[in-house]
Amino acid sequence: MMNTNNLTIEELERRIAHFEERLTDFIITDEQRELIKECLRELKNAKERKAS
């Protein structure tokens, strides 16, 4: 879905924090919430790969 190969760990952390904050928005739809969760999974996996 997104290209995370060129992102630094700091940028990945910033994006993870952004999406986690978005999950607390009460005006987003269930569909948007699922998309955000998918993005978070992808970003966290990319961060784990970089940290290894």
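Note that residues are indexed from 1 along each chain, following the sequence as it is written. pLDDT decides what is reported in this predicted model: residues at 70 or higher carry local features, side-chain atom pairs at 80 or more are listed and counted, and totals for whole chains, interfaces and linings draw on all residues regardless. With hydrogens and water stripped out, all remaining heavy atoms of the structure feed into the side-chain values.

The numbering of helices and of strands both runs from the N terminus, where a helix is a DSSP run of H or I of at least 4 residues and a strand a run of E of at least 2. Scanning the chain from N- to C-terminus turns up two helices and zero strands. For the chain, the proportion of its 52 residues judged to be buried stands at 23%. For this analysis, residues touch if any pair of their heavy atoms sits within 4.5 Å. Here the contacts in the chain between residues at least 6 apart in sequence split such that 67% fall between residues at least 24 apart. Surface summary for the chain: the accessible area is close to 4,000 Å², and the carbon and sulfur share equals 48%. Charge assignment in this entry is limited to Lys and Arg as positive and Asp and Glu as negative, and neither His nor the chain termini are counted. To locate a charge, the coordinates of NZ of Lys, CZ of Arg, CG of Asp or CD of Glu are taken. Treating the 10 positive side-chain charges of the chain as one cloud and the 12 negative ones as another, the clouds have centres 2 Å apart. Each residue gets one of three labels from its accessible area relative to the maximum for its type: buried under 20%, exposed over 50%, partly exposed in between, using a 1.4 Å probe on protein chains only. For every accessible area listed, the method is Shrake-Rupley and the probe measures 1.4 Å; residues are considered covered only by the protein chains on display.

This part covers the side chain of Thr 4. On the secondary structure map, Thr 4 appears in the segment before helix H1 (9-22). Those residues within four positions of Thr 4 in sequence are excluded, and the remaining contacts are Leu 12, Leu 43, Ala 46, Arg 49 and Lys 50.

Looking now at the environment of Lys 44. Locating Lys 44 in the fold gives a position in helix H2 (residues 30-51). Note on Lys 44: relative accessible area 36%, which makes it partly exposed. Lys 44 sits 29 residues away from Arg 15 along the chain, and the two C-alpha atoms are 9.6 Å apart. In terms of polar contacts, Lys 44 uses its side chain to reach the side chain of Glu 20, at 3.2 Å. Polar contacts here mean pairs of N or O atoms no more than 3.5 Å apart (in protein, one a potential hydrogen donor and the other a potential acceptor; neighbouring residues in sequence count only if both atoms are side-chain atoms).

As far as function goes, none of this settles anything; it's purely spatial.
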